[in-house]
Amino acid sequence: MASFSSEDQAMLQAMLRQLFQSVKEKITGAPSLECAEEILLHLEETDENFHNYEFVKYLRQHIGNTLGSMIEEEMEKCTSDQNQGEECGYDTVVQQVTKRTQESKEYKEMMHYLKNIMIAVVESMINKFEEDETRNQERQKKIQKEKSRSYCTDNCSDSDLSFNQSYKFCQGKLQLILDQLDPGQPKEVRYEALQTLCSAPPSDVLNCENWTTLCEKLTVSLSDPDPVFSDRILKFCAQTFSLSPLHMTKEVYTSLAKYLESYFLSRENHIPTLSAGVDITNPNMTRLLKKVRLLNEYQKEAPSFWIRHPEKYMEEIVESTLSLLTVKHDQSHVVSQKILDPIYFFALVDTKAVWFKKWMHAHYSRTTVLRLLEKKYKSLITTAIQQCVQYFELCKTRKAEETLEHSKHCRKKQKTFYYLGQELQYIYFIHSLCLLGRLLIYKQGRKLFPIKLKNKKGLVSLVDLIVLFTQLIYYSPSCPKMTSATHAENYSPASMVTEVLWILCDQKECAVECLYNNIVIETLLQPIHNLMKGTEASPNCSETALIHIAGILARIASVEEGLILLLYGANMNSSQETSLLSERIPTPVEGSDSVSSVSQESQNVMAWEDNLLDDLLHFAATPKGLLLLQRTGAINECMTFMFNRHAKKLQVSRHKKFGYGVLVTQVASTAAGGVALKKSGFINELITELWSNLEYGRDDVRVTHPRTTPVDPIDRSCQKSFLALVNLLSYPAIYELIRNQDLPNKTEYSLREVPTCVIDIIDRLIILNSEAKIRSLFNYEQSHIFGLRDFIIDGLSVERNHVLVRINLVGGPLERILPPRILEKSDNPYPWPMFSSYPLPNCYLSDITRNAGIKQDNDLGKLLLCLKISDKQTEWIVNCRRQFCKIMKAKPDIISGEALVELLEKFVLHLTESPSECYFPSVEYTATDANVKNESLSSVQQLGIKMTVRYGKFLNLLKDGAENDLTLVLKHCERFLKQQQTSIKSSLLCLQGNYTGHDWFVSSLFMIMLGDKEKTFQFLRQFSRLLTSAFLWLPRLHISSYLPIDTVDSGIHPVYFCSTHYIEMLLKAELPLVFSAFHMSGFAPSQICLQWITQCFWNYLDWIEICHYIATCVFLGPDYQVYICIAIFKHLQQDILQHTQTQDLQVFLKEEALHGFRVSEYFEYMEILEQNYRTVLLRDMRNIRLQST
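Just so it is clear, the structure is predicted and the values come from calculations on it, not from any experiment.

Thoughts on the packing of aromatic side chains
Okay, so step 1: In this structure the tally under the stated criterion is 39 aromatic pairs.
Okay, so step 2: Relative to Phe 429, the ring of Tyr 426 lies with its centre 5.9 Å away and its plane at 45 degrees, an arrangement referred to as tilted. Highlighted residues: Tyr 426 and Phe 429, both in helix H23 (residues 421-440), separated by 3 residues, approximately one helical turn.
Okay, so step 3: Taking relative accessible area as the criterion, Phe 429 reaches 0% and is therefore assigned buried.
Okay, so step 4: Through pairs of rings, three or more aromatic residues link up here, namely Phe 1078, Phe 1083, Trp 1092, Phe 1097, Tyr 1100, Tyr 1109 and Phe 1129.
Okay, so step 5: Positioned over the ring face of Phe 920 is Arg 1036, at 4.3 Å from the centre of the ring.
Okay, so step 6: Directly above the aromatic system of Tyr 919 lies the positively charged group of Arg 1185, at a separation of 4.7 Å from the ring centroid.

Structure follows, in structure tokens:
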């Protein structure tokens, strides 16, 4: 390392002088050496010119020259490790490089060098300073003597700083001041001593040995009748608080607290009574409030620095405070008069208990506060609760309003600065409310409950306290005019309680323990119950109070656990409340602003309706909540309100943690939701935006290189619009949007003609069957390819060949071979034959073993044997299920073919012979093939039949003639189910006739039964009596008479509002990363699960896995439908996370088969899910049917 010359030393000295000169004011203003060190250590954070100092530049350059190359090498190593699969974030890389650098030899040598040269430079500067100091010593002594002589004759001016600059305290001088402060001394002598004390640096005073004695004398002097004298003592205390370290200020604080404690306990001091009130212009009250305020100001500042000192200092401050606040007078010496306790005066100067909030914020001090509250000062909590109870009882009897009116009347006659007893009680109530609210946030604070109150039976639990707070919202009157009108709302009881409950809602653990229970929810809903009954919401409930309650319910509903409680814990209640709210909101006119179109009765009504709609939007986030909105007729208003917010680019809702994508996906999964989105204008805007991005391009996209040819399937500028349209394209929604509509097929299209609906997109981008359509596109190739990929979203590609092969070939991941979507980089970029006419080229057909015969197995024999023994109904069901699980875990492949047919037939037959296992009643059916032969099936059913037969023949399961047999089975099923349907008048197209889709479950059963139509239909008739049929066989409950009429009218199937609802619940609990990925992608798990279940996993799973899915649900129960979907998400977790990053999760889930998933491999996992969730799931699944009561 280079030698250090005298020139280098001089240069460094100049640099240091520049630095010290710049920070001179900051350092000289520091009360102690420790504080000065703190200032220098944090100079980079506080000085904006830090990096411009020459000394800093020198250090940076020296470090760069010494360690720069080594740091770069370490960065390259970390980057290389990251590329090799060791994922680490930026912060981790910095930490690793820093650690390795500090451990290096070069770093240690550099630090040793810098330390040596800095020691040399600083010692040289000190020597020079001492020389300069010696030369000036004589002159300073003369100045010192002159100032010392003149000081004693000086007045008490606060601006005289000569003493502060040159005077150094000695023990004799402090003793002299102590003698002069004696009450027996003349007034002038005492003033002079106090002035000397106030002018000296507090640190010098506090470091003297006589400080303890001085502190005691100052405390006694606080009671001096001379206000000027006591004020100067308070000034000294204030200076000490602001300029001295904690171990010194602690002494002053505790002394002041003990003085106040003795002051309140002394009978000689005239403490006012509650009935007399407080006149703050009274000199005695003014002095007392000054002392309380000084103590309170220090309370609020102390937490910012006491963590840097030993815990004992902080503990002494906390204990002296709690001891003071729990002082109680012996009321036996007072006749019917309550003397004010210290807590009243603290409430006056700190109404919202800010001091307690700050003390509870950090774990360091919170632990001490809670420990002392529990062991010695629990009465502080008890009296706070008692104050809230007393105020509530006053409100309940409507005396609070009377006392407030009396307060206003008296105020006109009294002086301005006068607090009546009722106002003091109210201020103390607000202080108690804020203190208790802060206490409940923390786990150890909640452990202080239950609390025993005086003169009250029983204990006050957490729930009791929250119920009390809730009742205060709608029983309390308007805010007393203790402050200006602009601040009245801040201190109104309802606003204060609502603020406290909002904070509790935002703390998950606290909310679960305090709020998420039926008692609290019922209390919140009580005013609405009363309104529904036609009675007054509460004796004193206002519209503002109802808005506060709605806000709290919205916060609860914004969290999954809270929403579950609202939907299940108070199931009937929430439905009725929503119904009431929706009735109060007028239906908007299409194309107009739903909120602004309401008649302008008053701003309060508008705010009320906005709050209600915003809160109701929370229900649309879950399948069951969406059912609730549809049942009550609020879905259209909510979607219009949501679109209005979206158009204004506002957040979807005040409390939601996700955007419009999740809500739109959830709503678009239902027929009614699709219609509501169309009426709101959301679909119109989406398609207009899509067309603009696709045809005209976005203004903010820079073209830095030409587009590839052929173009990418989805241009990045259209990605967002594409995914939004994908979210919308569920079968129920699309059926409502395009059914009974013809393609325009115009002879001419204007270039300015923009599509506004789904049928326009089909006409302009997909079915390009005329030159007029082609000429109307600016970007023909890209737009047409986009249309093909987007509309047929169930796993299709942009390439026409891929689309044709996919839609003509049915099968799981191992059963069909799809051509790639991109060209290969080779001499033969696309070796796949083009499919333009039947038959399909053989290269796309898999060579898997089809319908291989299964040899008889011992375990299978045992299972079949179980089915023959049915002496004890419950026992044989348990045995059958146990044996089935054993086979599925060990030899799943044997459950297929004829063995599966026999298992299903016998098991379902035995179940239907037991009345306890039958969920639906038996239905007589006598129609023959001849009776149904002439009935017609929908075109969708007919297309499904062709696909089923083609798939069945490919698997060697079906033979010639199977198409006619399957047609008859489907016709029989439609007639059989029609006998169990109800008549309904609905605007929804899906409810106007038979089931709108193809019956994939019946087609699957037909293939399982190897094309035997008699066995298939016989099995379906028996199976239709079981609860499982409601969830596996979707047409089973189409407009069914077994469902409540409002559920039928909603058009929402139990698979959606029950099965997929619980899939989302379990997904959040079991696979939180996957759940978060869905929300980040703006996609709802319920939509893809509904698609899987509706089509019986065709094209997603291989045939053997489809059989196992059906068999598992039949044998083990309908809740296994939920567990299987959760198992699939567990299997796909890494893929889901990856596609969330690439922003194509929707496309991946809808297009890709479930590669590698086998039902049998997740049996143990599903059994764990069953143990944890079966009780809840089956209970809710059984509740879908209309009860006789």
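Moving on from the model shown.
Overview of unusual backbone geometry
Okay, so step 1: The peptide bond linking Phe 449 to Pro 450 adopts the cis configuration, its omega dihedral lying at 5 degrees.
Okay, so step 2: Topologically, Pro 450 is positioned in the loop between helix H24 (443-446) and strand S3 (451-452).
Okay, so step 3: Phi is positive for Asn 745, which is not a glycine, with a value near 45 degrees.
Okay, so step 4: Position of Asn 745 relative to the elements: it lies in the loop between helix H39 (731-738) and helix H40 (758-766).
Okay, so step 5: Despite not being glycine, Gln 1143 has its phi angle at roughly 60 degrees, a positive value.

Brief notes about the nonpolar core
Okay, so step 1: Counting 316 residues, the largest nonpolar core has Leu 373, Phe 469 and Phe 1129 as its most contacted members.
Okay, so step 2: Top contributing element to this core by residue count: H23, with 12 residues.
Okay, so step 3: Not counting the four nearest positions on each side in its chain, Leu 373 is found in contact with Leu 322, Phe 356, Lys 378, Leu 380, Ile 381, Leu 439 and Leu 448.
Okay, so step 4: Counting residues in each nonpolar core, the second largest holds 20 residues, with Leu 19, Met 70, Tyr 113 and Met 125 among its members.

Side note on the packing of helix H35 (residues 660-668) against helix H36 (residues 671-680)
Okay, so step 1: Viewed as axis vectors pointing N to C, H35 and H36 meet at an angle of 125 degrees, and their least axial separation amounts to 6 Å. For the element pair H35 / H36, the angle class is oblique. Across from Val 664, Val 667 and Ala 668 in H35, the residues of H36 making contact are Gly 673, Gly 674 and Leu 677.

Quick look at helix H46 (residues 897-912)
Okay, so step 1: Helix length check: H46 (16 residues) gives 23 Å between terminal C-alpha atoms against 22 Å at 1.5 Å per residue, within 8%.
Okay, so step 2: Every buried residue of H46 is listed here: Ala 899, Leu 900, Val 901, Leu 903, Leu 904, Phe 907, Val 908, His 910, Leu 911 and Thr 912.

Some points on the environment of Thr 688
Okay, so step 1: Locating Thr 688 in the fold gives a position in helix H37 (residues 682-696).
Okay, so step 2: On the basis of relative accessible area, Thr 688 is assigned to the partly exposed category, the value being 31%.
Okay, so step 3: Distance from Thr 688 to Val 754, taken between C-alpha atoms, is 6.7 Å for residues 66 residues apart in sequence.
Okay, so step 4: Apart from the residues within four sequence positions on either side, Thr 688 is in contact with Val 754 and Pro 755.

Let's talk about the pattern of salt bridges
Okay, so step 1: Within this structure, the stated rule accounts for 28 salt bridges.
Okay, so step 2: The residue Lys 300 makes a salt bridge to Glu 297 at a minimum N-O spacing of 3.6 Å. Highlighted residues: Lys 300 and Glu 297, both in helix H16 (residues 283-301), separated by 3 residues, approximately one helical turn.
Okay, so step 3: Of the residues examined, Glu 297 reaches a relative accessible area of 33% and is grouped as partly exposed.
Okay, so step 4: In this structure, Arg 1174 engages Glu 1170 in a salt bridge whose closest nitrogen and oxygen atoms are separated by 3.2 Å. You can see Arg 1174 and its partner Glu 1170 sitting in helix H61 (residues 1163-1182), 4 residues apart, about one turn around the helix.
Okay, so step 5: For Arg 1174, a relative accessible area of 19% translates into the label buried.
Okay, so step 6: A residue is classified by how much of its surface remains accessible, and Glu 1170, at 23% relative accessible area, is partly exposed.

Definitions and limits used
Residues numbered from 1 in each chain as written. Predicted model: local features only at pLDDT ≥ 70, side-chain atom pairs only at ≥ 80, totals over all residues. Heavy atoms only, no water. Phe/Tyr/Trp six-rings, centres within 6.5 Å; stacked < 30°, edge-to-face > 60°. Helix = DSSP H or I, 4+ residues; strand = E, 2+ residues; numbered from the N terminus. Buried < 20%, exposed > 50% of the residue type's maximum accessible area, 1.4 Å probe, protein only. Lys NZ or Arg CZ within 6 Å of the ring centre and 35° of its normal. Core = buried A, V, L, I, M, F, W, Y, C linked by side-chain atoms within 4.5 Å. Contact = heavy atoms within 4.5 Å. Axes fitted to C-alpha atoms, helices over the stretch in contact; angles between N-to-C directions. Parallel < 35°, antiparallel > 145°, perpendicular 65-115°, else oblique. Expected span 1.5 Å × (residues − 1). Salt bridge = Lys/Arg side-chain N within 4 Å of Asp/Glu carboxyl O.

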